[in-house]
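Here are the chains, one letter per residue:
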Amino acid sequence: MTVALRILHIEDSLADHQLARITLQRSGLACELTHIDTLPALHACTLHSFDAVLADYRLPGFTAIDVWQHVAAQAGHPPCILLSGAIGEAAAVDAMRLGFSDYLLKEDIARLPHVLTRALEVHEARRAREQAVAELAESERRLAELAEHLQSSIEAERAAIAREIHDDIGGALTAVKFDLAWIDRHAPEEGGIRSRTHTALDMLQHALGASQRIMMNLRPPVLDQGLVAAVQWLAKNFERRTGITVQLRSSAARIPMAPDVQLVAYRTAQEALTNVSKHAQATHVRIELSD
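Residues numbered from 1 in each chain as written. Predicted model: local features only at pLDDT ≥ 70, side-chain atom pairs only at ≥ 80, totals over all residues. Heavy atoms only, no water.

Trainee: If you had to explain the side chain of Lys 106 to someone new, which residues and values would you point to?
Mentor: Mapped onto the fold, Lys 106 is located in the loop between β7 (102-105) and α5 (112-186). A distance of 2.9 Å separates polar atoms of two side chains, one belonging to Lys 106 and the other to Glu 11. Among the polar contacts made by the side chain of Lys 106, one reaches the side chain of Asp 56 at a distance of 3.2 Å. Contact partners of Lys 106, with chain neighbours within four places excluded, come to Glu 11, Asp 16, Asp 56, Leu 83, Ser 84 and Gly 85. (Helix = DSSP H or I, 4+ residues; strand = E, 2+ residues; numbered from the N terminus. Polar contact = N/O pair within 3.5 Å; in protein donor to acceptor, adjacent residues only side chain to side chain. Contact = heavy atoms within 4.5 Å.)

Structural data, given as C-alpha cells:
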C-alpha cells in the first residue's frame, strides 16, 4: 500500500489550493494536503508530521520569508517549495538562498508533481548524507576512545611489567650477585672456581643492565619528575648509545600537564629518536619542548 505524502500548503487563495490538490491527484501522487493561511496556524503546526511544505510568497500579514524563519528553526524540517505568482526574479533568488528547495510559478503548476518529487529526492539524499556524516563522526569518536583505552591498557601493562622486573627479577639477580661475590671471596685460588665465578658475575652484571634497560624503556621512573626531566634522560641515553648529538630546548624547567598527556609526549619523543637512529642517518638532533 502506497503511503500518502503529507503536504502542508500555506496559501490564502482557496481556489489555488484546490488547483494544487487536483494537479497532484491527476499526476498519480498519493498526497494529503493540509491547508492553512495564517502565521498563527503555521506556528501551531507540527512540521515533523509533514513530508513537504508548499508556500505562497505573499500572504495576509506575512510572507514566505516569515514561513522559512519558522521552518528553519525546526531541526530536521521537511523541504520547502515556493509556489507563487509573479514575485520577481530577485525575490525568488533570495528565497532560494535562504533555503527553499525550489521555486515554481503558479502558471506552471502542471510541473508541481515533478518539482515536488525532485525536492523530496534531494532532501532525502541530503538527509542520508548528513546521517552518514554523523555516523562516521560517531565511529571516529568511538575509535578514538578505543585507541585511547588500548593505549592506556598498554601503558598500564608496561608499568606492571616494569614493577615485576624491578621487584622480582631485579631482586633475584641482585641476590644471586651477592652470593656469587661471597663465593668469589671465599673460594680457593686453585681449581678455577674464582675464574668461573668472575665469568658468572660478568654475565650477571650484563643481565642486570639488560633488565634495567628494559624496565626504563617500559616505564622510566624519571617520568615522575616531569616531562622535561624524562626527555633529558632520554636524550642523554640516546646520545650515549648512538653517538648522535642531541640538543634539548624547553620553554620551562617543568611543564605542567596531565600524566596521560605527559606519557604520550614522552612516547612520541622516544619513537622519534628510534626512527632517527634507524633511518635518518643524522649527526645532530634538536628537541624543543613548549607548553
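Trainee: Please give an account of helix α3 (residues 64-72) that cites residues and values.
Mentor: Listed in full, the buried residues belonging to α3 are Ala 64, Val 67, Trp 68, His 70 and Val 71. On an axial view of α3, the arc spanned by its buried residues comes to 165°, and they lie on one face. As for α3, its buried residues are in contact with β1 (5-10), α2 (39-44), β3 (52-55), β5 (62-63), β6 (80-84) and α4 (89-98). (Buried < 20%, exposed > 50% of the residue type's maximum accessible area, 1.4 Å probe, protein only. Arc of directions from axis to C-beta.)

Trainee: Provide a residue-level description of the pattern of salt bridges, including the pertinent values.
Mentor: By the definition in use, this model includes 9 salt bridges. The salt bridge involving Glu 138 is made with Arg 141; its shortest N-O contact spans 2.4 Å. Of the two residues, Glu 138 and Arg 141 both sit in helix α5, 3 residues apart, roughly one turn of that helix. Take Arg 141: its relative accessible area is 38%, and that puts it in the partly exposed class. Of the charged contacts in the structure, one is a salt bridge between Arg 141 and Glu 145, with a shortest N-O distance of 2.4 Å. Residue Arg 141 and its partner Glu 145 are both found in helix α5; the two are separated by 4 residues, about one turn of the helix. Here the salt bridges do not stand alone but share partners, grouping Glu 11, Asp 16, Asp 56 and Lys 106 into one network. (Salt bridge = Lys/Arg side-chain N within 4 Å of Asp/Glu carboxyl O.)

Trainee: Describe the sheet that holds β3, and please don't skip the residues or the numbers.
Mentor: Read from one edge of the open sheet, 5 strands run β2-β1-β3-β6-β7, paired in parallel fashion. Because the sheet does not close on itself, it has two edges, and the strands there are β2 (31-36) and β7. The average undirected angle you get between the axes of adjacent strands in this sheet is 25°. Pairing of β1 with β2, which is carried by 6 bridges, proceeds in the parallel orientation. By the bridge assignment for β2, Ile 7 is matched with Leu 33. The strands touched by helix α1 (residues 14-26) within the sheet are β1, β2 and β6, with β2 carrying the most contacts at an inclination of about 170°. (Pairing = 2+ DSSP bridges. Axes fitted to C-alpha atoms, helices over the stretch in contact; angles between N-to-C directions.)

Trainee: Which residues make up the nonpolar core, and what are the values?
Mentor: Formed by 22 residues in total, the largest nonpolar core has its most connected members in Leu 8, Ile 10, Leu 42, Val 67, Leu 82 and Phe 100. Mapped onto this core, the elements with two or more residues apiece are β1, β3, α3, β6 and α4. With 4 residues, α3 is the largest single contributor of residues to this core. Ile 10 has contacts with Ile 36, Leu 42, Val 53, Leu 54, Ala 55, Asp 56, Leu 59, Phe 62 and Val 67, leaving out every residue within four places of it along the chain. Core analysis: the second largest hydrophobic core is formed by 21 residues, Leu 227, Ala 229, Val 231 and Val 285 among them. (Core = buried A, V, L, I, M, F, W, Y, C linked by side-chain atoms within 4.5 Å.)

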